[in-house]
Amino acid sequence: MELPASNASCENGSLITLYCSSQQVLCQIIGDLDPQIPSNVTSNSWRERFAKNYSFYIGLGLAFLSSFLIGSSVILKKKGLMRLVASGATRAVDGGFGYLKDAMWWAGFLTMAAGEVANFGAYAFAPATVITPLGALSVLISAILSSYFLGESLNLLGKLGCVICVTGSTVMVIHAPEEEKVTTVVQMAAKMKDTGYIVFAVLLLVLCLILIFVIAPRYGQRNILVYIVICSVIGAFSVSAVKGLGITIKNFFQGLPVVRHPLPYILSLILALSLSTQVNFLNRALDIFNTSLVFPIYYVFFTTIVVTSSIILFKEWHSMSAVDIVGTLAGFVTIILGVFMLHAFRDLDMSQTRLPHMHKAPTPPPAPEPTVIRLEDKNVLVDNIELSSTPSPEEKPKVFIVHS
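The rules behind each value
Residues numbered from 1 in each chain as written. Predicted model: local features only at pLDDT ≥ 70, side-chain atom pairs only at ≥ 80, totals over all residues. Heavy atoms only, no water. Helix = DSSP H or I, 4+ residues; strand = E, 2+ residues; numbered from the N terminus. Buried < 20%, exposed > 50% of the residue type's maximum accessible area, 1.4 Å probe, protein only. Contact = heavy atoms within 4.5 Å. Areas by Shrake-Rupley, 256 points an atom, 1.4 Å probe, with all protein chains shown as cover. Axes fitted to C-alpha atoms, helices over the stretch in contact; angles between N-to-C directions. Parallel < 35°, antiparallel > 145°, perpendicular 65-115°, else oblique. Left-handed = near helix turned anticlockwise from the far one by under 90°. Nonpolar A, V, L, I, M, F, W, Y, C, P; charged D, E, K, R; others polar. pLDDT = per-residue confidence, 0-100. Core = buried A, V, L, I, M, F, W, Y, C linked by side-chain atoms within 4.5 Å. Expected span 1.5 Å × (residues − 1). Phe/Tyr/Trp six-rings, centres within 6.5 Å; stacked < 30°, edge-to-face > 60°. Lys NZ or Arg CZ within 6 Å of the ring centre and 35° of its normal.

Re the overall build of the chain
Of the regular secondary structure elements, the chain holds 13 helices and two strands. The proportion of buried residues among the 404 residues of the chain is 39%. Look at the contacts in the chain between residues 6 or more apart in sequence, and 75% of them connect residues 24 or more apart. Total accessible area on the chain stands at roughly 25,200 Å², and carbon and sulfur atoms take up 66% of it.

Okay, here's the thing in structure tokens:
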């Protein structure tokens, strides 16, 4: 066998000349023994690209479906809570549980459960740093449906805030760090035993307890952020539990011995407690505040805390370049600006019809100059005195009686 000197690397596309007795054969390398497509080869077939990244695309589709279901469920649950208030029953914010008897609320709860199941599958197939920011779609769906079915409306600045939130989320997805591969329950357990993640989880738990038992009874009904921050902090535990259970299910179908491992049962308990707490405080927030404000702010805090938790758990900063770090920070600041526009200008009466016009207003005509009477014009002065002293026909003559 003889290799041409111009291409002696034996890479794909290399030409090899084979000699056998008096025969000469020219061959071209089109593949290697590795079934995976090398990173330096561009695939022109969409089927090959889909076959290579089918897991990512499945997770992406489930994330889209989850956003639609969760955004719709908020509207249904809000309608149930409104009917509860109209009937005179005890409100959810006052500790009442009358919404458990309302069919509309249960429809919203089941829709949210279906959305969480789809979200569960999305976390099993794709990284959390990609799936979590895609919850911005549920913000748009909730805002659009609330304007049609709940009579709620966002002013112009609120709509711009929603767009800014989605833009910031898109930037975060583009520059999101690649998640470190964790494919087994044993690897997941080793990650959760890391000292940094344990410290982070303890801090979140202490913050959540302070908010629930100290701050929420005093300021929960006046500040929209109290209940939302509680739901967001609890969401960090629920997402980690969902990610671990998704890996457990995949290992189970792969034939790995996961039934005897204690981690799936611990994660199931964490998921049950976190979801019940989130539903309780989310109902309180929806019962008091506007849906078009609750859901976007909840999305921003939830996304920020979950992405931070994922970075600490999976050590994602090791794969981030300087451009990705700047892009992630820029996306985060953009989201904060969008939340500020939603929260700070919610009571401002601002619409498209109130925007200042681009053309100039017509200039008013000049005021007529006052007539100046000079003292030398005696005739005019006398005439004016006589006109002022002459009674008008509308006025009645006045009679004065003098008593001596």
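Once the structure has been displayed, the description carries forward.
A closer look at the packing of helix 2 (residues 54-86) against helix 3 (residues 103-125)
In the contact formed by helix 2 and helix 3, the axes pass within 7 Å of each other and the chain directions differ by 160°. Comparing their axes, helix 3 and helix 2 come out roughly antiparallel. Crossing angle aside, the handedness with which helix 2 passes helix 3 is left-handed. Looking at side-chain class alone, the contact of helix 2 with helix 3 contains 20 nonpolar, 10 polar and four charged residues.

Considerations on the environment of R284
Within the secondary structure, R284 sits in helix 10 (residues 263-288). Residues R284 and L81, 203 residues apart in the sequence, show an inter-C-alpha distance of 9.8 Å.

Here we look at the confidence of the model for the chain
Per-residue confidence for the chain averages 75 on the pLDDT scale, and 68% of its residues sit at or above 70. Within the chain, helix 8 (residues 195-219) carries the highest mean pLDDT (92), whereas helix 13 (residues 378-389) carries the lowest (51). Below pLDDT 50 for its whole length, residues 1-8 participates in 13 contacts with residues either more than four positions away or in separate chains. Note that residues 33-44 has pLDDT below 50 and, in this model, eight contacts with residues that lie over four places away or in other chains.

Quick notes on the environment of L225
Summarising the element assignment, L225 is placed in helix 9 (residues 224-253). Along the primary structure L225 and I297 are separated by 72 residues, whereas in three dimensions their C-alpha atoms are 8.0 Å apart.

Looking at the nonpolar core
If you look at the biggest cluster of nonpolar residues, it comprises 76 residues, and the most contacted ones within it are M188, I230 and V294. Ranked by the residues each element gives to this core, the list is headed by helix 9, at 16 residues.

Points about helix 3
Side chains of residues three or four places apart in an α-helix project in the same direction, reflecting 3.6 residues per turn. The end-to-end C-alpha distance of helix 3, which contains 23 residues, comes to 33 Å, matching closely the 33 Å that a straight helix rising 1.5 Å per residue would cover. Residues W105, G108, T111, M112, G115, A118, N119, G121, A122, Y123 and A124 constitute the buried set of helix 3.

A closer look at the packing of aromatic side chains
Counted under the stated rule, the structure contains six aromatic pairs. Ring centres of W106 and F109 lie 5.4 Å apart, and the angle between their planes is 85°; on these two criteria the pair is classed as edge-to-face. Of the two residues, W106 and F109 both sit in helix 3, three residues apart, roughly one turn of that helix. Take F109: its relative accessible area is 27%, and that puts it in the partly exposed class. An angle of 45° between the planes, with centres 5.9 Å apart, marks the rings of Y227 and F281 as tilted. Taken as a pair, Y227 in helix 9 and F281 in helix 10 lie far apart in primary sequence, 54 residues in all. Each member of the pair, Y227 together with F281, is buried. Between R284 and the ring centre of F281, over which it is positioned, the NZ or CZ distance is 5.1 Å.

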